[in-house]
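Below are the chains, spelled out letter by letter.
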Amino acid sequence: MSHPIIPVTKTTNPRLPHFKMETLQFGKHFTDHMLMADYENGEWKNVVIKPYAPFEVDPASAVLHYGQTIFEGIKAYKNSKDEVVIFRPDQNFIRFNVSANRMQMPAVPEWLFMEGIKQLIALDKDWIPSLPDHSLYIRPFMIATDPFLGVRPSTTYKFMILLGPSGPYFSAPMKIVIEEKYTRAAPGGVGYAKNGGNYGGSLYPVELAKKKGFDQILWTDASEHKYVEEVGVMNVMFVIDGKVITPSLERGTVLKGVTRDSAIILLRDMGYVVEERNLSVDEIVEAHKKGLLQEVFGVGTAAVVSFIINLTYQNYSMDFDLDKLKVAPSLKQHLNDIRVGNIPDKHNWLEKLLS
Ligand SMILES: *Cc1c(COP(=O)(O)O)cnc(C)c1O
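Residues numbered from 1 in each chain as written. Predicted model: local features only at pLDDT ≥ 70, side-chain atom pairs only at ≥ 80, totals over all residues. Heavy atoms only, no water.

A. Region of the structure containing the overall build of the chain. Within the chain one finds eight helices and 17 strands. For 355 residues, the compact-globule estimate of 2.2 N^0.38 gives 20 Å, and the chain sits close to it at 21 Å. When its C-alpha atoms are laid out on the principal axes, the chain stretches across 60 × 55 × 40 Å. Buried residues in the chain amount to 51% of all 355 residues. Pairs at least 24 residues apart make up 71% of the contacts formed inside the chain by residues separated by at least 6 positions. One finds the centroid of the 39 positive side-chain charges in the chain at a distance of 1 Å from the centroid of its 41 negative side-chain charges. (Helix = DSSP H or I, 4+ residues; strand = E, 2+ residues; numbered from the N terminus. Rg over C-alpha atoms; globule rule 2.2 N^0.38 Å. Buried < 20%, exposed > 50% of the residue type's maximum accessible area, 1.4 Å probe, protein only. Contact = heavy atoms within 4.5 Å. Lys, Arg positive; Asp, Glu negative; His and termini not counted. Charge placed at Lys NZ, Arg CZ, Asp CG, Glu CD.)

Here is the structure:
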């Protein structure tokens, strides 16, 4: 396959020399360059890498009014040999076009997504922090740019890639409440797509939960609030009587996480039984009453594995002792060992950046 070289305009005013890698917050800092491409008349064109900067959009742009926008989140790391590796970007490419399809947006060609990421990282690779639990967060996204207020699919789009050096995401263990009123996703809806509106719509219920002292919500199904789906913007896993259980993807209301998929494969490698199925709140509470509910944790690119120390359902509070967690910390360690190169990458998950 041919790998077109993307034209680059380098910044004349690099911020990197003055940048402190020690106190990084997730999502707050961006590297010196970004990628931009336009979709017009049925094709992708004007692909460029240029200095990171604000850009102009017409105030009537469809994305600003009707939310035709999708994104991805991927991480690159420096391994112990100081090589740059990207974790399973092929999976994000596939999912990006699944999201595009659901939002009636054009597919992005593989070379644009993959070469765009690689050439941008090659240019900004000195921005990748080498500190433990740090990474380079990669944010590809697409927006609808037709300046037209009629509700119809845009005919023009912008595809962009941003890079951000990142520290640990949710580092503190979380207190979670089981949501019984609001929903993140409904069958037939857009829950399986990484489109902007899903996140905008989750802010209000999460804020209500925060006012009650929780960090996040455990989302349940839209019709009965009986089956668990996701925790915040992460997939969720339960350990009951030694078995790992995670909600299945069947209803289209659970996002098909790359970390979820990697965790299922690794946990099976580690000898655990992993079930993808419907899991009801009743079953969780029942298991807790019998002393069989051992762990609950979130999995996603940003935080990788997030520990949960409390899960509350109505007035019933379930605590988890951090010192007694086994599955979540070992999964986290295992994923980390693969990415830094301490153990072999036997599933071929790391895409090495050739320099
Ligand atoms: C991105 C995301 C996830 C996690 O997916 P990863 O590919 O593991 O990062 C889970 N749930 C939602 C709602 C998400 O947006």
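B. Representation of the domain arrangement of the chain. Domain parsing of the chain yields domain 1 (16-166) and domain 2 (174-340). When each unit is reduced to the centre of its C-alpha atoms, the spacing between domain 1 and domain 2 is 27 Å. The junction of domain 1 with domain 2 conceals about 2000 Å² of combined surface from both sides, 58% of it contributed by carbon and sulfur atoms. A per-residue breakdown of the area domain 1 buries against domain 2 is headed by Phe71, Arg95 and Arg102, which together make up 31% of the total. Applying the counting criterion to the domain 1 and domain 2 interface returns one salt bridge. For Arg88, the salt bridge goes to Asp261, with nearest N and O atoms at 2.9 Å. (Domains from an automatic or database assignment. Buried area = accessible area lost by both parts, 1.4 Å probe. Salt bridge = Lys/Arg side-chain N within 4 Å of Asp/Glu carboxyl O.)

C. View of the nonpolar core. Counting 38 residues, the largest nonpolar core has Leu35, Trp44, Phe113, Ile121, Ile138, Met142 and Phe159 as the members making the most contacts within it. The set of elements that each furnish at least two residues to this core consists of strand S1 (33-40), strand S2 (43-51), strand S4 (74-78), strand S5 (84-87), helix H2 (89-102), helix H3 (110-123), strand S6 (135-144) and strand S7 (157-166). Among the elements that line this core, the one with the most residues is H3, at six residues. (Core = buried A, V, L, I, M, F, W, Y, C linked by side-chain atoms within 4.5 Å.)

D. Examining H2 more closely. Spanning 14 residues, H2 covers 20 Å between terminal C-alpha atoms, matching the ideal 20 Å at 1.5 Å per step. What H2 keeps buried is the set Pro89, Asn92, Phe93, Arg95, Phe96, Asn97, Ser99 and Ala100. In the stretch just after H2, Gln104 is the one whose phi turns positive, near 55°. (Expected span 1.5 Å × (residues − 1).)

E. Broad picture of the side chain of Thr145. Inspection of the secondary structure puts Thr145 in the loop between S6 and S7. For Thr145, a relative accessible area of 16% gives the class buried. A polar atom in the side chain of Thr145 sits 2.9 Å from the side chain of Thr156. Once residues lying within four places of it in the same chain are set aside, the contact partners of Thr145 are Ser61, Ala62, Ser154, Thr156, Tyr157 and Lys158. (Polar contact = N/O pair within 3.5 Å; in protein donor to acceptor, adjacent residues only side chain to side chain.)

F. Expanded view of the pairing of S1. Most of S1 is tucked away, with seven of its eight residues classed as buried. Note: S1 against S2, seven bridges, orientation antiparallel. Residue pairing for S2: His33 is matched across the bridge by Pro51. Connecting S1 to the next strand, S2, in antiparallel fashion are two residues, including Asn41 with a positive phi near 45°. Strand direction decides the pairing type here: S1 and S7, joined by five bridges, are antiparallel. In the strand pairing of S7, Tyr39 is matched with Tyr157. (Pairing = 2+ DSSP bridges.)

G. Broad picture of the environment of Tyr199. Relative to the elements of secondary structure, Tyr199 occurs in helix H4 (residues 196-200). In sequence terms Tyr199 and Asp345 are 146 residues apart; their C-alpha atoms lie 33 Å from each other. Not counting the four nearest positions on each side in its chain, Tyr199 is found in contact with Phe71, Arg184, Ala193, Lys194, Val233 and Leu255.

H. Unusual backbone geometry, seen in detail. The phi dihedral of Asp82 is positive, around 70°, even though this residue is not glycine. Mapping Asp82 onto the fold places it in the loop between S4 and S5. Look at Asp82 and you get exposed, because its relative accessible area is 54%.

I. Here's a closer look at the pairing of S5. Taking every second residue as pointing to the same face, both faces of S5 are buried, with Val84 and Ile86 on one and Val85 and Phe87 on the other. As consecutive antiparallel partners, S4 and S5 are separated by five residues, and within that stretch Asp82 has a phi angle of approximately 70°, a positive value. Examined bridge by bridge, S5 and strand S17 (residues 350-352) share three bridges and lie antiparallel to one another. Bridge assignment links Val85 to a residue of S17, and that residue is Lys352.

J. Representation of the site of the ligand in the model. Neighbouring residues of the ligand: 14 residues in total, closest Lys194, Tyr199, Glu230, Thr259 and Thr301. Arg95 is positioned with one of its side-chain polar atoms (N or O) 2.8 Å from an oxygen atom of the ligand. Interatomic distance of 2.5 Å between a side-chain N/O atom of Glu230 and a nitrogen atom of the ligand. Here the ligand loses 95% of its free accessible area of 380 Å² to cover by the protein chains. Listed by contribution, the elements that provide at least two residues to the shell around the ligand are strand S11 (234-240) and helix H6 (258-269). Taken together, the residues that form the shell around the ligand break down as five nonpolar, five polar and four charged. (Near = heavy atom within 4 Å. Areas by Shrake-Rupley, 256 points an atom, 1.4 Å probe, with all protein chains shown as cover. Nonpolar A, V, L, I, M, F, W, Y, C, P; charged D, E, K, R; others polar.)

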